[in-house]
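Each chain, written out:
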Amino acid sequence: MRTPTSMGDSMHAKMPQAVILAGGLGTRLRAVTENRIPKPMVPVNGRPFLHHLLLYLKDNNITDVLLLVGHLHHVIVEYFGSGDWLGMNIEYSIEKEPMGTGGAVRLAIPKIKGDFILMYGDDYTPYPIEEMYDAFIRSGKMGMITVYSGDNTDVPRNVRTERDGDIILVKEYCKKEVHDGMNGVEAGMSFFHWDVLSMLDREKFSFEEYIFPRLIQDNELAAFLTEKRFYDMGTPERLKIIGEMLDDDNK
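Just so it is clear, the structure is predicted and the values come from calculations on it, not from any experiment. By convention here, each chain's residues receive numbers from 1 onward along its written sequence. Selection of residues for local features in this predicted model requires a pLDDT of at least 70, selection of side-chain atom pairs for listing and counting requires 80 or more, and totals for whole chains, interfaces and linings are taken over all residues. Excluded from the side-chain calculation are hydrogens and water; included are all heavy atoms of the structure.

### Let's talk about the environment of Pro156
Convention followed: Secondary structure is summarised from DSSP: a helix means a run of H or I of at least four residues, a strand means a run of E of at least two, and numbering begins at the N terminus for each. When checking whether two residues touch, look at their non-hydrogen atoms; a contact exists if any pair is within 4.5 Å.
Within the secondary structure, Pro156 is located in the loop between β8 (143-148) and β9 (159-164). Pro156 has contacts with Val178 and Val185, leaving out every residue within four places of it along the chain.

Below is the structure:
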């Protein structure tokens, strides 16, 4: 376990780099992408979904972003460039072939600058990131995942958490084999200490399926519980819901 920073220090800590997985094929959205644009660039309310996501990060004082791209990556690079026009610093790590979420992060290690937030380029998690980062620092753990504990989702519960004093620990995570006893859903935004990168010792793998269980075994994976729902754009139906949510937020 890392030594927790005091609350006073953590609340004034510089916000970490956001590492965004944006290299997926988006097979369930081919009717929308038509194999011309990558999934995160699907238009939502007049601008690419990834544009909305970056504006959300900027609103939460995160301006340093690393995009892990692959399929049709040139579309993303040409649109965002260095990010200076958004008031952000955007860098890229480019996969030449699909390597899984873990392989993509491993490839990007030379560009990861320290503690980092790991996100998906097709998820929208409207949570208070500064508050979450503070909770992560105070936990002293190697990692912290966001866990949705409400009922407003069609995603099966895949996480079991338990309170350990002031910290909520993840005791079990199953991406595919969901069973009784789970009390939350992994919501797609995670925080990690830089040292976790030393655990990425293979080339093609799932970050969550390989790293989460190892951290859980060592009691090194904390949870931030929330009853505020998260959104993903994995299907045309969910894409419509995200559009309605963003439209409501901008009124």
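### Overview of helix α6 (residues 129-139)
What counts is decided by this rule: Relative accessibility under 20% of the residue-type maximum defines a buried residue, over 50% an exposed one, and the middle range a partly exposed one, all with a 1.4 Å probe and only protein chains included.
With 8 of 11 residues buried, α6 is to be regarded as a mostly interior element. Positive phi shows up at Gly140, right after α6, with a value of about 70 degrees.

### A short note on the layout of surface pockets
Selection rule: Definitions used throughout: a 1 Å grid over protein atoms alone; a cavity as a set of points that fits a 1.4 Å probe which cannot get out; a pocket as an open set with protein on both sides within 12 Å along at least five of seven lines; a lining residue as one with an atom within 4 Å of a point. Grid points are joined across faces, edges and corners, and a volume is the space filled by probe spheres set on the points. The residue classification treats Ala, Val, Leu, Ile, Met, Phe, Trp, Tyr, Cys and Pro as nonpolar and Asp, Glu, Lys and Arg as charged. All others, Gly included, are polar.
Size it by volume and the second largest pocket reaches roughly 190 Å³. Elements that contribute at least two residues to the lining of the second largest pocket include exactly α6, β10 (167-173) and β12 (221-226). Sort the elements by how many residues they give to the lining of the second largest pocket and β12 lands first, with 4 residues. Of the residues that constitute the lining of the second largest pocket, the class distribution is 8 nonpolar, 1 polar and 2 charged.

### Some points on the environment of Gly150
Mapped onto the elements of the fold, Gly150 is located in the loop between β8 and β9. When its relative accessible area of 11% is taken as the criterion, Gly150 is described as buried. For the pair Gly150 and Thr226, spaced 76 residues apart in sequence, the C-alpha separation works out to 7.5 Å. Apart from the residues within four sequence positions on either side, Gly150 is in contact with Arg157, Thr226 and Glu227.

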